[in-house]
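Now for the letters of each chain:
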Amino acid sequence: MESVEAAGVGIGDDHPPRIMGVLNVSEESPYDPSVHDDPDEAAAYVDEELIGEGADIVDVGLESANKRFEVLSEDEELDRLDVACETVEAVSGEAVFSIETRYGAVADEALLRGFDMVNDVCGFTDPEMPDVCRDHDAAVVKMASPDDLRRPGAVEEIDWAARKSPEWADSADYADMIYEALKRNGLTEKTIVDPAFGGWSEAKTLADDRATFRRLAEFRALGRPLLVSINRKNFLGEIAGRETDERLPVSLAATALAVERGAHVLRTHDVAETRDAAAIGREFADRRSSEDGGVSVTSMEPSEFEALVADHANGAIADASPRLVRIDGLESAQRGAVERAAWETEATAVSLGETVALAGRRSDLRSIGSRLDGVGEALRDVLE
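Here helix α14 (residues 332-343) contains 12 residues, and its C-alpha end-to-end distance of 17 Å stays within 8% of the 16 Å for a straight helix at 1.5 Å per residue. Listing the buried residues of α14 in full gives Q334, R335, G336, V338, A341 and A342. Contacts made by the buried residues of α14 are with β12 (295-299), β13 (323-328), β14 (348-352), β15 (355-360) and α15 (362-370).

Take a look at the structure:
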């Protein structure tokens, strides 16, 4: 798992969960407390309600992404950018400032005028976006999306038979589509992936969001930090039978679960409460990672392990093995040593370039660790 740095703030396994508070300068946005079109009022809201409550990142939206509204043009977003930039200048607290946009030109202007990172709701559909972010050395959130700037998040509208194969399209479920959509157009070195929870299209169902949440750990196989935006979402409200203004408890329960399953950034309107829930998720998560001399070892969930080794091994390995880990940063000789040590036990080792995925009993993995120089200590730390 690659960590990402955004304006000096680390995001990834080795860092605490980061809380992304939301400010909207769009009058059509549905959450009234977050909507401000006056820079001084907006800055006061950011200082008091977001940074003051513990937000590490402030995400500023120029338009509502709600599918009921017309998409703003690049020029229309640029017209609204003045308020956003004046707000950033007026804020007294410290935070990473993210601009939510789908246009590379808007991202470029925002980064030139004081913003630190980008939240791309169209997942690099604008081909300029990755280069803009690289040029500014900026972190960028990439949300799963089709090749259409007007249809953020609507991954089921992709022609999957043409993009993958008719057989794949027939067998794939919604979470599979999300995973593949995140891979399209590549990832920058500072990409954070977002599996697009919420009602992005008429065809998407609440069951789709539930399935994606259950399989959240699989998205870690992309090797990039994970952002989730689940605050008061409909798929959680349906489970508890609660309307939006009554959904804070279910949001917090889901937040703790999301962090336990590998989420690194939580986008929310309820900053203080979400921060507390994320801390609980991190404290009791079974996932652990350790590093020794450039080699990192990370504990994995079965679904994540299966996604990682899907093309190289039988998925039944994950179901049958109580401990699953990945070892990254291995040189050729180290990979060979891990494979030989696994062969001498009942563990299974799957080589994937500089990564080896290991599956087996704790005792077998401990035995493997005891035989390895430069890897063993990190492996033993994760197994404790």
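There's more to say after this.
Once that is clear, we can look at the sheet that holds β14. Across the sheet, which stays open at both edges, the five strands sit in the order β11-β12-β13-β15-β14 with antiparallel pairing between neighbours. Unpaired on one side and paired on the other, β11 (289-292) and β14 mark the two borders of the sheet. Taken over all neighbouring pairs, the strand axes of this sheet differ in orientation by 15° on average, direction set aside. On top of the sheet, α15 reaches β13 and β15; it is set at about 140° to β15, its chief contact.

Next up on the list: the sheet that holds strand β10 (residues 265-268). Within a sheet, neighbouring strands are paired by backbone hydrogen bonds and run either parallel or antiparallel to one another. With parallel pairing, eight strands are arranged side by side in an open sheet as β8-β7-β6-β5-β4-β3-β10-β9. The open sheet terminates on both sides in strands that have one partner only, identified here as β8 (191-194) and β9 (227-228). Taken together, the four bridges between strand β3 (residues 18-24) and β10 define a ladder with parallel strand orientation. Residue pairing for β10: R18 is matched across the bridge by V265. Helix α7 (residues 174-183) rests against β7 (139-143) and β8 of the sheet, and its axis sits at about 140° to β7.

So, on to the nonpolar core. As a rule of thumb, soluble globular proteins bury nonpolar side chains together. Counting 71 residues, the largest nonpolar core has V58, F115, V228 and I230 as its most contacted members. When residues of this core are assigned to their parent elements, the largest contribution, six residues, is made by α7. Here I230 is in contact with F197, F213, F235, L236, S251, A254, T255, A258 and R267, once residues within four sequence places are set aside. One finds A342, L358, V375 and A378 within the second-largest nonpolar core, a separate group that totals 19 residues.

Attention now goes to a negative patch on the surface. A cluster of acidic residues, D37, D40, E41, E86 and E89, forms a negative patch on the protein surface. Of all the elements in the fold, those that place two or more residues in the negative patch are α1 (39-50) and α2 (74-90). Residue placement: E89 occurs in helix α2.

Looking at the secondary structure, you find L62 in the loop between β4 (57-61) and α2. Classification of L62 as buried rests on a relative accessible area of 0%. In the structure, L62 is positioned 16 residues away from L78 in sequence and 8.7 Å away in space, judged by C-alpha atoms.

As a further point, take the packing of aromatic side chains. Under the definition given, this model contains five aromatic pairs. Aromatic side chains F213 and F235 sit 6.1 Å apart centroid to centroid with 50° between the ring planes, which places their arrangement in the tilted category. With a gap of 22 residues between them, F213 in helix α8 (residues 206-214) and F235 in helix α9 (residues 234-240) connect regions that are remote in the sequence. We classify F213 as buried; its relative accessible area is 8%. Judged by relative accessible area, which is 2%, F235 ranks as buried.

What counts as what
Residues numbered from 1 in each chain as written. Predicted model: local features only at pLDDT ≥ 70, side-chain atom pairs only at ≥ 80, totals over all residues. Heavy atoms only, no water. Helix = DSSP H or I, 4+ residues; strand = E, 2+ residues; numbered from the N terminus. Expected span 1.5 Å × (residues − 1). Buried < 20%, exposed > 50% of the residue type's maximum accessible area, 1.4 Å probe, protein only. Contact = heavy atoms within 4.5 Å. Pairing = 2+ DSSP bridges. Axes fitted to C-alpha atoms, helices over the stretch in contact; angles between N-to-C directions. Core = buried A, V, L, I, M, F, W, Y, C linked by side-chain atoms within 4.5 Å. Patch = residues over 30% accessible without salt bridge, like charges linked within 9 Å, V, L, I, M, F, W, Y side chains within 5 Å. Areas by Shrake-Rupley, 256 points an atom, 1.4 Å probe, with all protein chains shown as cover. Salt bridge = Lys/Arg side-chain N within 4 Å of Asp/Glu carboxyl O. Lys, Arg positive; Asp, Glu negative; His and termini not counted. Charge placed at Lys NZ, Arg CZ, Asp CG, Glu CD. Phe/Tyr/Trp six-rings, centres within 6.5 Å; stacked < 30°, edge-to-face > 60°.

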